[in-house]
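# Examining the three-dimensional arrangement
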Amino acid sequence: AAAIPPAHWMSAKRATTPTRDGRDMSDIAGFFFPDQLHLAASLTLIVTSFFTSALTAAVGLGGGVALIAIMATVMPASALVPVHGVVQLGSNAGRALVQLKHVDWLIALWFAVGAAIGAAVGGAIAVELPPAVLKAGIGLFVLWVVWGKAPHFGKAPKRVMAAAGFASTFLSMF
């Protein structure tokens, strides 16, 4: 195998050293260290993601909100919500796999239906908003999560989770 040039992933133009399976190392490095983000910011976000996931695993909540607040300091507003969404999807999917036997599939289905509609409607609106409005929306979301009162569904019918999925996903687009 060819040697990887030192610090090739830090340069503006990536080297093209193939891996054993034929993929270009610059593609792999570019996934973790995109050109649009300074190397220090990328490393900070990777380390922060680990610790905020650990926070959620230990306490049960809070990691996602902490991560989006930190991400907002180093990323453009237009990239913040989609990147955070992908990170949270991976984190939550991992937790769901660990707890798979405890999933109520009917609730998950209703929530997913509402979430899909909320993502479509919220996404269509969010892409048209100026960055200042997006940042204000994210700030208000963080404040509500920290100090707002969480909804309680108690004995509500499971189909009510469609409304919860719609509302949470729609609002998370901003």
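Up top is the structure.
Residues numbered from 1 in each chain as written. Predicted model: local features only at pLDDT ≥ 70, side-chain atom pairs only at ≥ 80, totals over all residues. Heavy atoms only, no water.

## With respect to the side chain of T52
By the secondary structure assignment, T52 is in helix 2 (residues 39–59). Each residue touching T52, except ones within four places of it in the same chain, is listed here: G63, A66 and L67. (Helix = DSSP H or I, 4+ residues; strand = E, 2+ residues; numbered from the N terminus. Contact = heavy atoms within 4.5 Å.)

## What about the pattern of salt bridges?
For the structure shown, the criterion picks out 1 salt bridge. Taking the shortest distance from any N to any O, the salt bridge between D104 and K158 comes out at 2.9 Å. Here the residue D104 occupies a position in the loop between helix 4 (77–98) and helix 5 (105–126), and K158 occupies one in the loop between helix 6 (131–147) and helix 7 (160–172), the gap between them amounting to 54 residues. For K158, a relative accessible area of 36% puts it in the partly exposed group. (Salt bridge = Lys/Arg side-chain N within 4 Å of Asp/Glu carboxyl O. Buried < 20%, exposed > 50% of the residue type's maximum accessible area, 1.4 Å probe, protein only.)

## Examining helix 3 (residues 63–71)
Taken together, the buried positions of helix 3 are G63, G64, V65, L67, I68 and M71. On the buried face of helix 3, the contacting elements are helix 2, helix 4 and helix 6.

## So, helix 7
Its 13 residues give helix 7 an end-to-end C-alpha distance of 18 Å, which sits within 8% of 18 Å, the value for a rise of 1.5 Å per residue. Among the residues making up helix 7, those that are buried are M161, A162, A164, G165 and T169. Axial view of helix 7: buried residues confined to an arc of 160°, hence all on one face. (Expected span 1.5 Å × (residues − 1). Arc of directions from axis to C-beta.)

## Describing the environment of A136
Residue position: A136 is located in helix 6. Classification of A136 by relative accessible area gives partly exposed; the value is 43%.

## Some details on the packing of helix 4 against helix 6
Where helix 4 meets helix 6, the axes come as close as 8 Å, and the angle between the chain directions of the two elements is 45°. By the angle between their directions, the pair helix 4 and helix 6 is classed as oblique. Residues A77, S78, L80 and V81 of helix 4 touch helix 6, and the partners they reach there are P131, L134, K135 and I138. (Axes fitted to C-alpha atoms, helices over the stretch in contact; angles between N-to-C directions. Parallel < 35°, antiparallel > 145°, perpendicular 65-115°, else oblique.)

## Here we look at the nonpolar core
Core analysis: the largest hydrophobic core is formed by 12 residues, namely L37, A41, L45, V65, L67, I68, M71, M75, L80, V81, I138 and V142. For this core, the elements supplying multiple residues, two or more each, are helix 2, helix 3, helix 4 and helix 6. Of all the elements, helix 3 adds the most residues to this core, at 4 residues. In this view, I68 contacts L80, H84, I138 and V142; residues no more than four positions away in its chain are not counted. (Core = buried A, V, L, I, M, F, W, Y, C linked by side-chain atoms within 4.5 Å.)

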